[in-house]
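Structure assessment
The primary structure of each chain is shown beneath.
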Amino acid sequence: MTTRRNFIKKTTAGTAAVTLGGLVLPSSSYGNILGANDQINCAVIGVRSRAKAHVKAINEDPNAKILYSCDVDDVILEEHNAWCQENIGYIPKVEKDFRKMLEDKKVDAVFIATPEHWHAPMAILALQAGKHVYVEKPCSHNPHENELLVAAQKKYGKKVQMGNQQRSAFTSISAIKDIREGVIGDVYKGEAYYSNNRGSIGNGKVIEVPKTLDWELWQGPALREKYKDNVHPYNWHWFRNWGTGEIHNNGTHEIDICRWALGVDLPNSVTSFGGKYTYDDDWEFVDNQQVTYTFDNDKFITWTGHSRGVLKPKRPGRGITIYGSEGSIMLDRNFYQLYDLQGNLIKEEKEGGSSETTNTRGEGSLDVNHVGNFFKAIRADESLHADIKDASISTMLCHLGNMAQDAGETLKIDNSTGKVLNNEMAMNFWKREYAPGWEPKL
């Protein structure tokens, strides 16, 4: 007998979305999708900041419920419980060890907003437990994990969406549609930038692990280090054992949109210039960086990352400019602007709701769109806006940016695999060393 869910998949395959040149446009009416009443039970892992945007987006769906809040820090869990009561009207069950939550067959989907060294290993464990996965960017800590996560999704067959939520911006979707239709002629260049004025993280001191924190589980697959007072809960971003630097933390978003607009995948070469110019502290990555990617057909993408030091003259915190032979397009999370070759504004569109651009939560209407697309894909087998197979390519570009910076020279890339050609030193960064017993496997 045909099941209700199979019937839903068959009957919505031709009507739930419009596809144009490989671009999946959003359905005009979410409420009319067959299967929209199917309950989706969720668990959210890592609930300090970014996850709150996930929680609010999940709560927008009347037939989605959060069964679990998972975190290794009791202080963060207590704060989050109070926040949940105030903002969504109930407190999900609390679990410090996410692996126990994965044993619950009632959980359909897992949202991952942990430190980055956990993203791919945790997503793979969730897939092996039969869960759909929404994983924050970057989807991996290193290129090896990129490959492994894509293979895991293929093997276990569940939906995996990466949290590069601008893929679900109606204005960005409209801009890409216009680009495909030739509104700015032949596109050749994408400029991505991010600017902030982060402060010093200081020089950490080894202290006793807080009794409220499970430091062993926090480290998980990473090599073991003593606890320092300047790592948790946010500055792990700037340590190589756990984080991946600003190009992943924020550059992933804009680099992804440039790649989408230019219709390119892996590059032919990557060059990075930059350094640590501001504070004498424990920050282990460059804090200012310029990366250039070259592709077939003379297309290229640049990323300018300015993490620290006041930037003058003042400019917006982040954005994208796409250049074509007949005009240009400016995009960010909240608008789309089309210009002719003389710089005249021809067209402007704005998102229906705003999204934050430079704070640590990044909350806004795009989260609702992106999570909504994830739920549609689960219920009706719709296409994901940031399917992991494609999203991992944007993540790979960021890995290559870091690898080129560390190599100190232009890297030649096999654009079918992403692997660096004729540079053994650079390829040493393809895979990390894992703590004994923690290496992710299919």
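Just above, that's the structure.
Residues numbered from 1 in each chain as written. Predicted model: local features only at pLDDT ≥ 70, side-chain atom pairs only at ≥ 80, totals over all residues. Heavy atoms only, no water.

1. Concerning the overall build of the protein
Counting its secondary structure elements, the protein contains 13 helices and 17 strands. Expressed as a percentage of its 442 residues, the buried residues of the protein come to 59%. Here the analysis covers contacts within the protein between residues at least 6 apart in sequence; of these, 71% occur between residues at least 24 apart. Split by element, the accessible area of the protein, about 18,600 Å² in all, is 49% carbon and sulfur. (Helix = DSSP H or I, 4+ residues; strand = E, 2+ residues; numbered from the N terminus. Buried < 20%, exposed > 50% of the residue type's maximum accessible area, 1.4 Å probe, protein only. Contact = heavy atoms within 4.5 Å. Areas by Shrake-Rupley, 256 points an atom, 1.4 Å probe, with all protein chains shown as cover.)

2. As for the sheet that holds strand β12 (residues 300-306)
The strand order across the open sheet formed by 9 strands is β16-β15-β14-β13-β9-β12-β11-β10-β17, and the pairing between neighbours is mixed. Edge positions in the open sheet fall to β16 (345-350) and β17 (411-412), since each of these has one partner strand only. In this structure, strand β14 (residues 327-331) lies alongside strand β15 (residues 335-339), joined through 4 bridges in antiparallel fashion. Bridge assignment links L331 to a residue of β15, and that residue is Y336. Across the sheet, helix α12 (residues 388-407) lies against β10 (269-275), β11 (288-294) and β17, angled at about 60° from β10, the strand it touches most. (Pairing = 2+ DSSP bridges. Axes fitted to C-alpha atoms, helices over the stretch in contact; angles between N-to-C directions.)

3. A short note on the side chain of S168
In this fold, S168 is placed in the loop between β8 (160-162) and α7 (170-180). Not counting residues within four places of it along the chain, the set of residues in contact with S168 comprises I173, L366, N369, H370, N373 and H385.

4. Here's the deal with unusual backbone geometry
The linkage connecting K137 with the following residue, P138, adopts the cis geometry, with an omega of -15°. When you line up the elements, P138 lands in the loop between β7 (132-135) and α6 (143-156). In this chain, H232 is followed by P233 through a cis amide linkage whose omega measures 15°. In this fold, P233 is placed in the loop between α8 (215-219) and α9 (246-249). Its identity as a non-glycine residue notwithstanding, N297 has a phi of 65°, on the positive side. Inspection of the secondary structure assignment puts N297 in the loop between β11 and β12.

5. What about the sheet that holds strand β6 (residues 109-112)?
Taken in spatial order, the 6 strands line up as β5-β4-β3-β6-β7-β8 in an open sheet, and their pairing is parallel. The open sheet terminates on both sides in strands that have one partner only, identified here as β5 (93-95) and β8. The sheet shows a mean angle of 20° between the axes of neighbouring strands, taken without regard to direction. Bridge count between strand β4 (residues 64-70) and β5: 3 bridges; the pairing is parallel. Residue pairing across strands places Y68 opposite K93, the latter belonging to β5. Set on the sheet, helix α11 (residues 365-380) makes contact with β3 (40-45), β4, β6, β7 and β8; between it and β7 the angle comes to about 165°.

6. Here we look at helix α2 (residues 50-59)
Summarising burial for α2: 8 of the 10 residues are buried, a large majority. Buried within α2 we find R50, A51, K52, A53, H54, V55, A57 and I58. For α2, the secondary structure elements touched by its buried residues are β3, β4, α3 (74-87), β6, β7 and α11.

7. What about the side chain of N146?
Of note, N146 is situated in helix α6. Overall, the relative accessible area of 5% leaves N146 in the buried class. Reaching out from N146, the side chain makes a polar contact with the side chain of S140 at a distance of 2.7 Å. The residues contacting N146, other than those within four sequence positions of it, are C139, S140, S392, T395 and M396. (Polar contact = N/O pair within 3.5 Å; in protein donor to acceptor, adjacent residues only side chain to side chain.)

8. What to know about the packing of helix α5 (residues 119-128) against α6
Packed helix pairs are specified by the crossing angle of their axes together with the interaxial distance, meaning the distance between the axes. Viewed as axis vectors pointing N to C, α5 and α6 meet at an angle of 10°, and their least axial separation amounts to 10 Å. Classed by the angle they form, the pair α5 and α6 counts as roughly parallel. Counting all contacts with α5, which are made through A120, P121, A123, I124, L127 and Q128, the residues of α6 involved are E145, L148, L149, A152, Q153 and Y156. A class-by-class count of the residues in the contact of α5 with α6 yields 9 nonpolar, 2 polar and 1 charged. (Parallel < 35°, antiparallel > 145°, perpendicular 65-115°, else oblique. Nonpolar A, V, L, I, M, F, W, Y, C, P; charged D, E, K, R; others polar.)

9. A closer look at the environment of Y434
Topologically, Y434 is positioned in the segment after α13 (424-427). The spatial distance from the C-alpha of Y434 to the C-alpha of G220 is 8.9 Å, given a sequence separation of 214 residues. Here Y434 is in contact with N142, H144, E145, P221, L223, E439 and P440, once residues within four sequence places are set aside. A polar atom in the side chain of Y434 sits 2.7 Å from the side chain of E145.

10. Description of empty space enclosed by the protein
Gaps left between atoms show up when a probe the size of a water molecule is rolled over them. All told, the structure shown has 3 cavities of 30 Å³ or more when counted by the stated rule. Estimates place the volume of the second largest cavity at around 60 Å³. Forming the boundary of the second largest cavity are 13 residues, of which E246, I247, V286, Q289 and W303 lie nearest the centre. Within the residue set of the lining of the second largest cavity, elements represented by two or more residues are α9, β11 and β12. Across the lining of the second largest cavity, the residue classes break down as 4 nonpolar, 7 polar and 2 charged. (1 Å grid on protein atoms, 1.4 Å probe; cavity = no way out; pocket = protein on both sides within 12 Å on 5 of 7 lines; lining within 4 Å. Points joined across faces, edges and corners; volume = space filled by probe spheres on them.)

11. Thoughts on the pattern of salt bridges
Inspection of every chain in the model, using the stated rule, returns 25 salt bridges. Across the pair D104 and K106 runs a salt bridge whose closest N-O atoms are separated by 3.3 Å. Judged by relative accessible area, which is 52%, K106 ranks as exposed. Notably, a salt bridge pairs R308 with D281, separated by 2.6 Å at the nearest N-O pair. Of this pair, R308 sits in the loop between β12 and β13 (318-324) while D281 sits in the loop between β10 and β11, and the two are 27 residues apart along the sequence. Judged by its relative accessible area of 7%, D281 is buried. (Salt bridge = Lys/Arg side-chain N within 4 Å of Asp/Glu carboxyl O.)

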